[in-house]
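Observations on chain architecture
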Amino acid sequence: MAGAESGPLRGRIRDRVGKRGRQILGDLKQPWLLALLFVACIPVFPEYFAPPLAGASLLAAHFDAKRNGRRIMVGVLGKIMLAYMAYMAFGLLYTPDFFSTLATLGMWAVMFLGYLSVVTVLTDRQRYDTALFCLCLVAGLIGAIGCIQYVLRAFLGWDLTLQFWRFADQVVFEWLPIDFLPITTDLRVSSTFNNPNIFAESLIMVFPFVSYYAFSGRRTGTRTLCRFCLLAAAGGVAFSFSRGCYLALLVIALIFCIANIRKILLMIVTAASALLLVPESVMARLFSVTGMDASTNERLRIWEIAVETIGRDPLFGLGGGIFNSWDTLVHNGINAPHMHNIVLELLVEGGVIALGIMLFAGWKLLRGGLDMLQHSRDSRMMGVVFLAFTAGFCLDGMVDFPLFTPKLVGLFLLVLGLGDAAMKLYLDRELQPLREAAPFALLLRRLHRLRRPKKASENAAGE
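This is a predicted model, so every value here is computed, not measured.

**Remarks on the pattern of salt bridges**
- Under the criterion given, the structure shown has 6 salt bridges.
- Residues Glu 304 and Arg 301 are paired through a salt bridge, measuring 3.4 Å at the closest nitrogen-oxygen approach. Here the residue Glu 304 and the residue Arg 301 both occupy positions in helix 13 (residues 294–312), the gap between them amounting to 3 residues, near one helical turn.
- For Glu 304, a relative accessible area of 43% gives the class partly exposed.
- When its relative accessible area of 31% is taken as the criterion, Arg 301 is described as partly exposed.
- Note that Arg 429 and Asp 371 form a salt bridge whose closest N and O atoms lie 2.6 Å from each other. With a gap of 58 residues between them, Arg 429 in the loop between helix 17 (406–427) and strand 2 (432–433) and Asp 371 in helix 15 (residues 342–372) connect regions that are remote in the sequence.
- Accessibility expressed as a relative area gives 34% for Arg 429, which makes it partly exposed.

Following this line, the structure appears as C-alpha cells:
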C-alpha cells in the first residue's frame, strides 16, 4: 500500500521539479535577465573574462531595449564616468607610458558597457530586486570558495593554490602582457581573484547590497539562502586577512546598526555570537592594525614617494595607468604596483582634475543616498545601502587602490549603475539616451547637419 502511494507522490514531485526547471529555462531566455547575469558573474571568472562578459551584457541589454522600444540609457553618474574617461584620453598626449594609459582607458571603456546594460534593463523595482538577488548569490559563491580554501589549507593541511583559476591563468598569462606580483603567504586566500586584497575589495563593494537583501529582499522564500551568502561573504573578507577591508566591513556594519537602532540588541547578540566563530588568527590580524609592521612601514614610504611625485605635476599628473606609478615606485626601490591609497593614486595618475571628477561622482552618489533616506521605508533602506557603500569604499581606499583590475572596475561601475537606476526608480530622476549624453554627441550631430545640405545638393544635381 505504501509503495502504491509513493509512486504517485514521486510522480507529482517529478512533475513539479520539471515545471520549475522549464520555468527557469524560460526565464533565462529573457534578454534583461541574461544582461544582469552576465554582469553579476564578472567576479566569478578570471580577469580576462571580464571584458567579454561586459560586452555580452550590453548586447543582451540592447535586445531587451529594442524589444521594448527603448534605447541604451545613461544616468548622471555614468556621464561623470564618461568625463573621466575623456580626461584619461587627454592624458595620452603627455603620459610617459602611452600603451599603459591606452590599455587603462580601454579597460574602463569596455567595463563601462556593464554599467550601460544595468541602467538600461533596470526599468522597474522587480528587475532591480532580481539584480540584487543575483549579486547576493555571486558574493556568496566567491565568499564560500574563499572559506573552503582557508579550511582546507589551515585545518586539513592541503597544499592548495591561493587562486582558484591558477590552472587557467598559468596558460593565459604566458600570452598576455600582464604582470602580477608573486604572493608568498601561508593562509591568505584569493578565491576567484589573483590577490587576497583584490578579493576582499570586491566583496566590500557588494557587501552593503548583500546585507540589505539578506533581510529586506522581496524573495522571502530565499531569505535563509541569502543570509548564508552574507555569512560566506563576511567569511571571505575575514580569510583574506586584508586589514583595510576589516575596517571597511566594521564601518558598513556600524552604519546598518545605526539605521536599525530599534534592533540594536538583536544585532549585538548576533555579532557576539559570530565573534565566537572567528579564528584567533583573524582576530590577531585585526588588532595588528595599530602596530608598525613591515607592511605598514612600506605603505608609509610609498605615500611619501607619492606626495613627492604629485608635487612635480599636481594638476595633470603622470597620465592614467598603474604602470606610471609602478615605475615611479620601482625607481625608488619599492616593487609595488600602485600608491596603496585611492586619493594619492588618482593624483599621481590624473592630478587634481582626476580626483575632482571622482569626488564629484562620489558626492552625487552620496547625495542620492541622503535623498532616499527621506522617502518610503524601501527607499530609506536603499539610501542606507549607498551610504554604507560610500563609507566602506572610501575607508578601504585609504590603504589600497580598489580600481586596479578589470573586475574591480567592473564592480565599481556596476554599483554606479545600480545607483543611477535606484535614483530613477526611487527618486524619479531622469535618465538620458547614451547617444545624447556622450561627450562627442554634439559634435556628431553638427557633422550630421553639415552632411544633409550636401546630400540635398547632390540629389538636385542628379535631377
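**A look at the environment of His 62**
- Position of His 62 relative to the elements: it lies in helix 3 (residues 50–67).
- Along the primary structure His 62 and Ile 72 are separated by 10 residues, whereas in three dimensions their C-alpha atoms are 6.7 Å apart.

**Structural notes on the confidence of the model for the protein chain**
- In this model, the protein chain carries a mean pLDDT of 83, and residues with pLDDT of at least 70 account for 79%.
- Looking at the elements of the protein chain, mean pLDDT is at its lowest for helix 19 (residues 441–462), recorded as 49, and at its highest for helix 17, recorded as 96.
- Predicted confidence for residues 453–463 stays below pLDDT 50, and this span has 0 contacts to residues more than four positions away or in other chains.

**Notes on the packing of aromatic side chains**
- Applying the stated rule across the entire model yields 22 aromatic pairs.
- Where Phe 98 meets Phe 99, the ring centres are 5.6 Å apart and the plane angle is 90 degrees; that geometry is what we call edge-to-face.
- Phe 99 sits in the exposed class, given a relative accessible area of 65%.
- Pairing Tyr 150 with Phe 241 gives two aromatic rings, centres 6.0 Å apart and planes at 45 degrees, and the pair type is tilted. Remark: Phe 241 occurs in the loop between helix 9 (223–240) and helix 10 (243–259) and Tyr 150 occurs in helix 6 (residues 125–154); sequence separation between them is 91 residues. For the pair Tyr 150 and Phe 241, a shared accessibility class is recorded, and that class is buried.
- Lying across the ring of Phe 193, Lys 407 places its NZ or CZ 3.8 Å from the centre.

**As for the nonpolar core**
- Met 81, Trp 108, Tyr 128, Met 382, Phe 412, Leu 413 and Leu 418 are the most contacted members of the largest nonpolar core, which has 127 residues in total.
- When residues of this core are assigned to their parent elements, the largest contribution, 15 residues, is made by helix 17.
- Beyond its immediate stretch of four places on either side in the chain, Tyr 128 contacts Leu 122, Met 382, Phe 386, Leu 418, Ala 421, Ala 422 and Leu 425.

**Side note on unusual backbone geometry**
- One non-glycine residue, Phe 241, lies in the positive phi region at around 55 degrees.
- Residue classification places Phe 241 among the buried residues on the basis of a relative accessible area of 6%.
- For His 340, which is not glycine, the phi dihedral falls at a positive 55 degrees.
- As for its placement among the helices and strands, His 340 is situated in the loop between helix 14 (322–331) and helix 15.
- The class of His 340 is buried, set by a relative accessible area of 11%.

Reading the values: the criteria
Residues numbered from 1 in each chain as written. Predicted model: local features only at pLDDT ≥ 70, side-chain atom pairs only at ≥ 80, totals over all residues. Heavy atoms only, no water. Salt bridge = Lys/Arg side-chain N within 4 Å of Asp/Glu carboxyl O. Helix = DSSP H or I, 4+ residues; strand = E, 2+ residues; numbered from the N terminus. Buried < 20%, exposed > 50% of the residue type's maximum accessible area, 1.4 Å probe, protein only. pLDDT = per-residue confidence, 0-100. Contact = heavy atoms within 4.5 Å. Phe/Tyr/Trp six-rings, centres within 6.5 Å; stacked < 30°, edge-to-face > 60°. Lys NZ or Arg CZ within 6 Å of the ring centre and 35° of its normal. Core = buried A, V, L, I, M, F, W, Y, C linked by side-chain atoms within 4.5 Å.

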